[in-house]
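Coordinate analysis (summary)
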Amino acid sequence: MKLSEQQLRLFRDFGFLVFRQYLSPEEIAQYSREFNAGLDSWLEDGKHDGKTRHYASLMEEKSPFIAGLADDPRFADVAEQLLGKDVLAIAVDGNYHVDDTLWHPDTGSLDYTAVKFCIYPDPLTADSGALRVIPGSHRDPFHSQISREPETAYNLAQTDVPAYAFESQPGDVLAFNVALWHAAFGGARSRRQGVVVYYEDPDTPSARTAIQQQMRGNHRAFASVGRQMYGPHWRSIDTPRHQRWIRRLAELDVLETDI
Ligand SMILES: O=C(O)CCC(=O)C(=O)O
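To keep things clear, this report deals only with the structure shown in the data block. Just so we're clear, the structure is a prediction, and the values are computed from it rather than from any experiment.

For the rest of this paragraph, the subject is the sheet that holds strand β8 (residues 173–177). Strand pairing in a sheet is mediated by backbone hydrogen bonds. Such pairs are either parallel or antiparallel. Read from one edge to the other, the open sheet built from six strands follows the order β1-β8-β5-β10-β3-β2, with strand pairing classed as antiparallel. One side of each edge strand has no neighbouring strand; the edge strands of this open sheet are β1 (16–19) and β2 (54–57). The mean angle between the axes of side-by-side strands here comes to 20 degrees, regardless of whether they run parallel or antiparallel. Alignment of β1 against β8, held across four bridges, turns out to be antiparallel. Its bridge partner lying in β8, Phe19 is registered against Val173. Each of β2, β3 (87–97), β5 (114–119) and β10 (191–200) is contacted by helix α2 (residues 25–40), which is oriented at about 80 degrees to β3, the strand it contacts most.

Shown next, in the form of structure tokens:
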């Protein structure tokens with residue numbers, strides 16, 4: 001799939017892009033099944049209590065279709081075009097969210113670029129947990145000026161920060177630059193969100209260092225719940241591009257956890 005000049009420009013200038021009905025109804029039905037199977041398999045009694053946010057990797061054998069989306073040209077080729085270079089697939093995972101997600105970007109460093117595709121398998125509106133993004137907030141100086149405390153900084157409630165709300169139907173996908181500020185409000189307990197994340201394949205020392213630092217944090221998060229980030233299923237996906245990702249992560253010394 002080839003993005004148009006306008007789509008690339010929209011992503012560059014505003015930091016996000018919406019793809020309506022990117023996954024077919026059949027695909028989203030399979031996505032939905034595997035999502036629950038994957039997330040529930042990381043729960044002690046196999047059922048989410050709706051009380052605390054629950055996160056699980058979807059790179060495992062319980063969710064082969066979802067894990068395979070990282071290799072799907074609709075995601076991998078598009079990520080390469082959005083970032084304008086080779087990318088590395090970093091994570092495919094899911095969340096049962098339970099509370100509002102307050103305003104934040106996903107990275108503390110602008111030394112590398114990355115894109116996150118968000119898949120919400122249930123219909124969402126602005127007030128029932130749709131992802132909100134602040135257009136253009138992925139780049140400095142705007143990026144660094146925004147406050148995590150809009151109440152104090154701007155006398156605005158979190159929900160009143162000016163933003164675009166990604167109101168969605170199952171099958172819609174939003175891709176955003178991970179430096180973009182985002183939030184979500186009013187979702188139901190166990191609101192489902194899946195993501196596919198790619199980092200740029202670093203070709204400068206500063207990008208490489210920033211990615212290595214970020215990856216250590218990613219591995220630590222997995223280790224804290226007794227899991228390995230990249231298990232046998234993920235490592236065994238046998239496409240040339242996937243195997244190149246694995247080799248490159250190893251070369252960058254970020255395939256394994258060092259803790
Ligand atoms: O609550 C949400 O849907 C947003 C989650 C989030 O912050 C993210 O995907 O980075």
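The four strands lie next to each other as β4-β9-β6-β7, forming an open sheet whose pairing is antiparallel. Strands at the two margins of the open sheet, each flanked by one partner only, are β4 (101–104) and β7 (164–166). Taken pair by pair, the neighbouring strands of this sheet meet at an average axis angle of 25 degrees, ignoring direction. Bridge analysis of strand β6 (residues 131–133) against β7 gives three bridges, and the strand direction is antiparallel. Residue pairing for β7: Leu131 is matched across the bridge by Phe166.

In this structure, Val115, Ala175 and Tyr198 are the most contacted members of the largest nonpolar core, which totals 65 residues. At six residues, the largest contribution of residues to this core is made by β3. Discounting chain neighbours no more than four positions away, the residues touching Tyr198 are Ala79, Val87, Leu88, Ala89, Ile90, Ala114 and Val115.

Further remarks concern the environment of Arg235. Mapped onto the elements of the fold, Arg235 is located in helix α8 (residues 232–236). The spacing of Arg235 and Leu255 is 20 residues in sequence and 9.9 Å in space, taken between C-alpha atoms. Every residue in contact with Arg235, bar those within four places of it in the chain, is listed here: Tyr230 and Ile246.

Taken together, the buried positions of helix α4 (residues 76–83) are occupied by Ala76, Val78, Ala79 and Leu82. All buried residues of α4 project into a common sector of 160 degrees when viewed along the axis, lining one side. Along its buried surface, α4 packs onto α1 (5–14), β3, β5, β8, β10 and α9 (240–251). Immediately downstream of α4, the backbone of Gly84 shows phi near 75 degrees, a positive value.

To continue, consider the pairing of β10. With nine of 10 residues buried, β10 is to be regarded as a mostly interior element. Pairing geometry for β5 and β10, over six bridges, is antiparallel. Bridge pairing links Phe117 to Val196 in β10.

A word on helix α7 (residues 205–224). A rise of 1.5 Å per residue sets the reference length of α7, with its 20 residues, at 28 Å; its end C-alpha atoms lie 29 Å apart and thus fit the reference within 8%. If you check which residues of α7 are buried, you get Ala210, Ile211, Gln214, Met215 and His219. For α7, the elements touching its buried residues are β10. Gly226 lies just past α7 and shows a positive phi near 70 degrees.

It is worth spelling out the site of the ligand at this point. By nearness alone, every residue bordering the ligand is listed as His97, Thr101, Asp106, Cys118, Leu131, His182, Ala184, Gln193 and Val195. Taken together, the elements giving at least two residues each to the shell around the ligand come down to β9 (182–184) and β10. For the shell around the ligand, the residue count by class is four nonpolar, four polar and one charged.

Attention now goes to the pairing of β8. Among the five residues that make up β8, five are buried, leaving the element largely enclosed by the rest of the structure. The two faces of β8 match: Val173, Ala175 and Asn177 on one face and Leu174 and Phe176 on the other face are all buried. Sheet topology places β5 next to β8; five bridges connect them, and they run antiparallel. Along β8, the bridge assignment pairs Ile119 with Val173.

Turning our eyes to something else, we now look at the environment of Gly15. Checked against the element boundaries, Gly15 lands in the loop between α1 and β1. Residue classification places Gly15 among the buried residues on the basis of 26 C-beta atoms within 10 Å. Residue contacts for Gly15: discarding those within four places in its chain leaves Val133, Pro135, Gly136, Ser137, His138, Phe176, Asn177 and Leu180.

Reading the values: rules and limits
Residues numbered from 1 in each chain as written. Predicted model: local features only at pLDDT ≥ 70, side-chain atom pairs only at ≥ 80, totals over all residues. Pairing = 2+ DSSP bridges. Helix = DSSP H or I, 4+ residues; strand = E, 2+ residues; numbered from the N terminus. Axes fitted to C-alpha atoms, helices over the stretch in contact; angles between N-to-C directions. Contact = placed C-beta atoms within 7 Å. Core = buried A, V, L, I, M, F, W, Y, C linked by C-beta atoms within 7 Å. Buried ≥ 20, exposed ≤ 12 C-beta atoms within 10 Å, placed from the backbone. Arc of directions from axis to C-beta. Expected span 1.5 Å × (residues − 1). Near = placed C-beta within 6 Å. Nonpolar A, V, L, I, M, F, W, Y, C, P; charged D, E, K, R; others polar.

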